[in-house]
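Close look at the chain arrangement
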Amino acid sequence: FVGPVYYLPFGVNADGMKSQARPFHLRDIQLASASNSHPARNLEIVEAVYAELRSRGRRVENFQGLPPSTLSRNLGRTKIFWQTSLTEASGSRILPEALAAGCYPVAMEECATTTEFLNRHKVGKTIKSGIRYDFSTKKTFPPGDVVATLVDQLDAIITGIEKEKNFSPPDIESHYREEVEISTLLKILESSECKQTTPRFTQRQEMSLPCDADGYVFNAAILKTSSGLLCLYRHVDANGARTLRRCLLDENFAARSYEVWSDEVAALGFDAGWYADPRLFQAGEDLYATFNTGHSESPNNIYLVKIGSDGEPLSSAIKL
């Protein structure tokens with residue numbers, strides 16, 4: 001790629017995250033994190049650290065796969081939030097969400113972007129783990145004493161915070177204003193660098209997609225086929241299960257029914273614990289979908305499936 005590079009910051013739902021926040025001195029979870037099985041998030045080390053902290057009488061929790069309302073409630077009960085990742089971008093939602101919920105933030109010194117986030121907001125602490133992360137292989141190399149090192153640092157932070165009756169977080173730097181971002185994107189797309197190769201966007205339309213109670217949907221792909229407007233989208237239920245659904249949208253971009261596309265793919269001989277980020281495209285007369293398997297596989301893989309005009313899978317998934 002040669003040409004100008006643009007970025008658009010996205011914010012967090014700060015009001016939503018702070019909506020269930022308890023007064024700081026009434027929070028019953030002393031330390032929490034949101035570590036999953038991705039190698040950079042150090043789940044095995046986190047679990048060993050938490051086992052030792054619990055043996056010292058500390059109340060610690062690790063939140064995984066929670067819908068926003070439940071995450072808000074749990075962060076609102078937490079005094080200290082520990083960002084365990086070595087690669088989390090400063091724009092990642094969880095650290096700003098925790099800060100918006102009133103948690104005192106702690107980040108790994110080895111993660112430059114979270115350290116930058118805390119420094120920019122003049123808040124929180126960083127701790128040194130000594131863990132080295134290899135970006136090319138997605139493997140971590142922790143020192144032998146890493147658990148003891150982290151336990152002592154976190155225990156000392158908990159001791160200090162327990163003496164505090166209140167913590168007032170700074171306002172989150174959130175520049176997410178939907179109308180402004182759409183306007184900015186349109187200007188970019190209509191610029192001299194882009195207008196030769198990009199279609200002109202003239203319509204903005206909200207979609208209505210079927211969603212379970214306490215679940216959420218996002219990252220939809222849309223393709224016009226002989227059956228109509230085909231949509232494939234991510235769904236995360238209240239238990240954190242990640243599936244893909246397919247539906248046809250009406251003229252108002254709404255769907256009344258759906259099929260669980262990932263179950264259909266599994267019935268053809270493929271299954272994964274995590275289905276993410278669907279994409280739809282046409283090659284000649286054939287239609288295809290791609291998806292990836294998120295953190296259920298390491299490394300994360302992309303798969304290709306041939307589909308019919310309604311989105312139904314016609315082949316098993318092929319790893320690219």
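Below you will find a few notes about this structure.

So, the overall build of the protein chain
Along its length, the protein chain carries eight helices and 15 strands. Expressed as a percentage of its 320 residues, the buried residues of the protein chain come to 42%. Intrachain contacts of the protein chain at a sequence separation of at least 6 include 55% that bridge at least 24 residues.

Considerations on the sheet that holds strand 1 (residues 29-33)
Judged by pairing direction, the sheet is parallel, and its five strands sit side by side in the order 2-1-3-4-5 without closing on themselves. In this open sheet, the two edge strands, each paired with only one partner strand, are strand 2 (60-62) and strand 5 (125-127). The sheet shows a mean angle of 25° between the axes of neighbouring strands, taken without regard to direction. Across three bridges, the pairing between strand 1 and strand 3 (residues 78-83) is parallel. In the strand pairing of strand 3, Leu31 is matched with Ile80. Contacting strand 1, strand 2 and strand 3, helix 2 (residues 43-55) runs over the sheet at an angle of about 160° to strand 2.

Side note on the sheet that holds strand 14 (residues 302-307)
Consider a sheet: its strands pair through backbone hydrogen bonds, and that pairing is either parallel or antiparallel. One open sheet accounts for four strands, arranged 12-13-14-15; its pairing is antiparallel. Unpaired on one side and paired on the other, strand 12 (276-283) and strand 15 (318-319) mark the two borders of the sheet. As judged from the six bridges shared by strand 13 (residues 286-292) and strand 14, these two strands associate in the antiparallel manner. Residue Asn292 lies in a different strand from strand 14, and its bridge partner there is Ile302.

A few points about helix 6 (residues 146-162)
Every α-helix carries 3.6 residues per turn, so stepping three or four residues along brings you back to the same face. Over its 17 residues, helix 6 extends 24 Å from the first C-alpha to the last, a length consistent with the 24 Å expected when each residue adds 1.5 Å. For helix 6, every residue scored as buried is listed here: Val146, Leu150, Val151, Leu154, Asp155, Ile157, Ile158 and Ile161. The buried side chains of helix 6 occupy one side of the element, clustering within an arc of 165° when seen end-on. Among the structural elements, strand 1, helix 2, strand 3, strand 4 (104-108) and strand 5 are those in contact with the buried residues of helix 6.

As for the packing of aromatic side chains
Considering all chains together, one arrives at 11 aromatic pairs under this definition. Between Tyr216 and Phe218, the ring centres sit 5.8 Å apart and the planes meet at 25°, which makes this aromatic pair stacked. Take Tyr216: its relative accessible area is 24%, and that puts it in the partly exposed class. Consider the rings of Phe291 and Tyr303, whose centres lie 5.6 Å apart with planes at 20°: the pair is stacked. Of the two residues, Phe291 is situated in strand 13 and Tyr303 in strand 14; the sequence distance between them amounts to 12 residues. We classify Tyr303 as buried; its relative accessible area is 6%. By way of ring pairs, the aromatic residues Trp261, Phe270, Tyr275, Phe291 and Tyr303 are connected into one cluster. Above the plane of the ring of Trp274 lies Arg242, whose end atom (NZ or CZ) is 4.0 Å from the centre. If you follow Arg245 out to its NZ or CZ, it ends over the ring of Tyr258, 3.9 Å from the centre.

Concerning helix 3 (residues 68-75)
Every buried residue belonging to helix 3 is among Thr70, Leu71, Ser72, Asn74 and Leu75, and all of these are buried. Contact partners of the buried residues in helix 3: helix 1 (14-18), strand 1, strand 3 and helix 4 (94-100).

Parameters at a glance
Residues numbered from 1 in each chain as written. Predicted model: local features only at pLDDT ≥ 70, side-chain atom pairs only at ≥ 80, totals over all residues. Heavy atoms only, no water. Helix = DSSP H or I, 4+ residues; strand = E, 2+ residues; numbered from the N terminus. Buried < 20%, exposed > 50% of the residue type's maximum accessible area, 1.4 Å probe, protein only. Contact = heavy atoms within 4.5 Å. Pairing = 2+ DSSP bridges. Axes fitted to C-alpha atoms, helices over the stretch in contact; angles between N-to-C directions. Expected span 1.5 Å × (residues − 1). Arc of directions from axis to C-beta. Phe/Tyr/Trp six-rings, centres within 6.5 Å; stacked < 30°, edge-to-face > 60°. Lys NZ or Arg CZ within 6 Å of the ring centre and 35° of its normal.

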